[in-house]
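Overview (structure and organization)
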Amino acid sequence: QVQLVESGGGLVQAGDSLRLSCVASGRTYNMGWFRQAPGKAREFVAAISCIGTTTSYLNSVNGRFTISTNDANIAYLQMNNLKPEDTGIYYCAEKNTCWSGTYNRAHDYDYWGQGTQVTVSS
């Protein structure tokens, strides 16, 4: 059973940056980040392929967020120019597959972390 632990969330002002980390109990395969705002469904934010050659992003974060891994057991989400609408609980997820593409749907993933809160004030 893979365990994922997120960290790096917090309360920031609009325009600030945060870097989220997701430490896996094993090596990272295909990874993704999702978020859930109060009263809303969980939504895809970013994903990275197993060997890091392919990434995909939610349109509204493209150009501001960057997903990466350390090629071992940590996935990151660098978030720049944060906006109030980025507020939510951020979850990392892992698909127990090594594929050169990305998975953008929550039900594709096998393991989930507990989440880390990101709050952006205006």
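Here the structure is shown first, and the text comes after it.
Residues numbered from 1 in each chain as written. Predicted model: local features only at pLDDT ≥ 70, side-chain atom pairs only at ≥ 80, totals over all residues. Heavy atoms only, no water.

**Regarding unusual backbone geometry**
What counts is decided by this rule: Note on conventions: DSSP H or I runs of at least 4 residues are helices, E runs of at least 2 residues are strands, and numbering of each starts at the N terminus. We call a residue buried when its accessible area falls under 20% of the maximum for its residue type, exposed when it is over 50%, and partly exposed in between, using a 1.4 Å probe and counting protein chains only.
The backbone of D71 sits at a positive phi, close to 60°, despite the residue not being glycine. Along the chain, the position of D71 falls in the loop between β7 (65-69) and β8 (74-79). Classification of D71 by relative accessible area gives exposed; the value is 67%. Phi is positive for N81, which is not a glycine, with a value near 50°. Here N81 shows up in the loop between β8 and β9 (88-95).

**A word on the nonpolar core**
As a reminder, the rule being used: Take the buried residues of types Ala, Val, Leu, Ile, Met, Phe, Trp, Tyr and Cys, join any two whose side-chain atoms come within 4.5 Å, and each joined set is a nonpolar core. We call two residues in contact when some of their heavy atoms are within 4.5 Å.
Residues W33, V45, F65, L77, M79 and Y90 are the most contacted members of the largest nonpolar core, which totals 24 residues. Broken down by secondary-structure element, the contributors of at least two residues to this core are β3 (18-24), β4 (30-36), β5 (43-48), β7, β8, β9 and β11 (116-121). It is β3 that contributes the most residues to this core, 4 residues altogether. Setting aside residues no more than four positions away along its own chain, L77 makes contact with L18, R19, L20, W33, V45, A46, F65, T66, I67 and Y90. Of all hydrophobic cores here, the second largest spans 6 residues; its members include F44, A93, Y103 and Y109.

**What about the environment of R42?**
Relative to the helices and strands, R42 resides in the loop between β4 and β5. Taking the C-alpha atoms as reference points, R42 and I89, 47 residues apart in sequence, are found 9.0 Å from one another. Setting aside anything within four residues of it in sequence, one finds R42 in contact with F34, R35, Q36, Y91 and W112.

**Quick word on the pattern of salt bridges**
The test is simple: Any carboxyl oxygen of Asp or Glu within 4 Å of a side-chain nitrogen of Lys or Arg constitutes a salt bridge here.
In the structure shown here, the tally under the stated rule is 4 salt bridges. As a salt-bridge pair, E43 and R35 come within 2.7 Å of each other at their nearest N and O atoms. R64 is the salt-bridge partner of D86, the closest N and O atoms lying 2.8 Å from each other. Note that D86 is positioned in the loop between β8 and β9 and R64 in the loop between β6 (55-57) and β7, a separation of 22 residues in sequence. Each member of the pair, D86 as well as R64, carries the same accessibility label: buried. Within this structure, R35, E43, R64 and D86 form a network of salt bridges that share partners.

**Some thoughts on the state of the cysteines**
Test applied: Two cysteine sulfur atoms form a disulfide, by the criterion used here, when they sit within 2.5 Å.
For the coordinates displayed, the defined rule picks out 2 disulfides. The disulfide that involves C22 links it to C92, with 2.0 Å between the sulfurs. The sign of the S-S torsion, about 45°, decides the handedness of the disulfide formed by C22 and C92: right-handed. Highlighted residues: C22 in strand β3 and C92 in strand β9, separated in sequence by 70 residues.

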